[in-house]
Amino acid sequence: MNLRRSLALGAAGLAASAALTGCGFNYPTDRINNPVSGVDYRDGTVDILNAVVVAKQPNLGTFVATFVNSSPTKTIAMQSATGDNTAIANVEARPFTLKPNTLRNLAAKKGIPVSGSFALGQFVNISFEFDNGETADLSVPVVLDDGQWSGLDIATPSPTESPSASSTESPSGSPTGSPSGTTSPSPTGTTSSPSGSSS
């Protein structure tokens, strides 16, 4: 074979190999893309998707997300949820069960009220424990109850204490009826005849 032709074919082969190696296998188009502001958790049997805290005001909001049981055979229950005791001090979560290959969208149902010390735009930490022994730790954004999140914040402030009943009572000892010792005047011109009057 002609030496020049052999060198040309070898160079072409090396160039093609380098091009394929440069492409690799982790293509950006193969990666999961989440175009929304919520956070995705995919490290356990239960995926937690598009997770946020929706809030109308600081320090109080509602956690919403979609929980997906990816197990084809096992029913999994969410047992409890906790905050980090700093930004999130209280999580009012009720346990629920996910059958195999099912999901639960908290945005379509009632979300989970949370409270603490946080503001819009901040990321807060919430952990979920499942009965299969797994724990999901998330850091989720606090978003305004508006746009796609409108109406999803169901958290309500603690009721304020009502005024003391004593403040509405009348002063002690004040009269409640007509003044004591008052008499109704007798009709004008009416007098009793003296007993034993002479005619």
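Residues numbered from 1 in each chain as written. Predicted model: local features only at pLDDT ≥ 70, side-chain atom pairs only at ≥ 80, totals over all residues. Heavy atoms only, no water.

Novice: How would you summarise the pairing of strand β9 (residues 123-130) if you had to cite specific residues and measurements?
Specialist: Here strand β4 (residues 76-83) pairs with β9 via five bridges, running antiparallel. Considered in β9, the bridge of Met78 is made with Phe130. For β9 and strand β10 (residues 135-144), the ladder comprises seven bridges, and the chain directions are antiparallel. From the neighbouring strand, Glu129 faces β10, where its bridge partner is Thr135. From the end of β9 to the start of β10, which pair antiparallel, there are four residues, and Gly133 there has a positive phi angle of about 90°. (Pairing = 2+ DSSP bridges. Helix = DSSP H or I, 4+ residues; strand = E, 2+ residues; numbered from the N terminus.)

Novice: Explain the environment of Pro72 to me, and be specific about the residues and the numbers.
Specialist: Among the secondary structure elements, Pro72 is positioned in the loop between β3 (60-69) and β4. What makes Pro72 exposed here is its relative accessible area of 61%. In this structure, the C-alpha to C-alpha distance between Pro72 and Thr102, residues 30 residues apart in sequence, is 9.1 Å. Each residue touching Pro72, except ones within four places of it in the same chain, is listed here: Pro100 and Asn101. (Buried < 20%, exposed > 50% of the residue type's maximum accessible area, 1.4 Å probe, protein only. Contact = heavy atoms within 4.5 Å.)

Novice: Which residues make up the pattern of salt bridges, and what are the values?
Specialist: As enumerated under the stated definition, the model contains one salt bridge in all. In this structure, Arg42 engages Asp40 in a salt bridge whose closest nitrogen and oxygen atoms are separated by 3.7 Å. In this structure Asp40 comes out as partly exposed when scored by relative accessible area, which is 27%. (Salt bridge = Lys/Arg side-chain N within 4 Å of Asp/Glu carboxyl O.)

Novice: Could you give me a rundown of the environment of Ser71, with the residues and numbers involved?
Specialist: Here Ser71 is to be found in the loop between β3 and β4. Its relative accessible area of 8% is what places Ser71 among the buried residues. It is 6.3 Å that separates the C-alpha atoms of Ser71 and Thr45, two residues lying 26 residues apart in sequence. Contacts of Ser71, omitting those with residues within four sequence positions, involve Thr45, Pro100 and Asn101. Of the polar contacts made by the side chain of Ser71, one reaches the backbone nitrogen of Thr73; its length is 3.3 Å. (Polar contact = N/O pair within 3.5 Å; in protein donor to acceptor, adjacent residues only side chain to side chain.)

Novice: Describe unusual backbone geometry, with residues and values.
Specialist: One non-glycine residue, Asn59, adopts positive backbone phi at about 75°. Phi at Asn85 is positive, roughly 60°, even though this residue is not glycine. Relative to the helices and strands, Asn85 is located in the loop between β4 and β5 (88-91).

Novice: Account for the layout of surface pockets, with residues named and values stated.
Specialist: By volume, the largest pocket amounts to about 270 Å³. Lining the largest pocket are 13 residues, with Glu92, Arg94, Lys110, Gly111 and Ile112 sitting closest to its centre. Classifying every residue of the lining of the largest pocket gives seven nonpolar, one polar and five charged. (1 Å grid on protein atoms, 1.4 Å probe; cavity = no way out; pocket = protein on both sides within 12 Å on 5 of 7 lines; lining within 4 Å. Points joined across faces, edges and corners; volume = space filled by probe spheres on them. Nonpolar A, V, L, I, M, F, W, Y, C, P; charged D, E, K, R; others polar.)

Novice: Describe the nonpolar core, naming the residues involved and giving the relevant values.
Specialist: If you look at the biggest cluster of nonpolar residues, it comprises 35 residues, and the most contacted ones within it are Ile48, Val53, Phe63, Phe67, Phe128 and Phe130. At the level of elements, β2 (46-57), β3, β4, β5, β6 (96-98), β8 (112-116), β9 and β10 are the ones that each hand at least two residues to this core. (Core = buried A, V, L, I, M, F, W, Y, C linked by side-chain atoms within 4.5 Å.)

Novice: An account of the packing of aromatic side chains is needed here, citing residue identities and associated values.
Specialist: A complete count under the given rule lists four aromatic pairs for this structure. Arranged with centres 5.1 Å apart and planes meeting at 45°, the rings of Phe63 and Phe128 form a pair that is tilted. Of this pair, Phe63 sits in strand β3 while Phe128 sits in strand β9; the two residues are 65 residues apart in sequence, bridging distant segments of the chain. Assessed through its relative accessible area of 0%, Phe63 is described here as buried. Phe128 sits in the buried class, given a relative accessible area of 1%. For the ring pair Phe67 and Phe96, a centre distance of 5.2 Å and an interplane angle of 80° mean the geometry is edge-to-face. Of this pair, Phe67 sits in strand β3 while Phe96 sits in strand β6, and the two are 29 residues apart along the sequence. Residue Phe67 is classed as buried on the basis of its relative accessible area of 0%. Overall, the relative accessible area of 7% leaves Phe96 in the buried class. Members of the aromatic cluster, connected to one another through ring pairs, are Phe63, Phe67, Phe96 and Phe128. (Phe/Tyr/Trp six-rings, centres within 6.5 Å; stacked < 30°, edge-to-face > 60°.)

So yeah, pure geometry; function would need other evidence.
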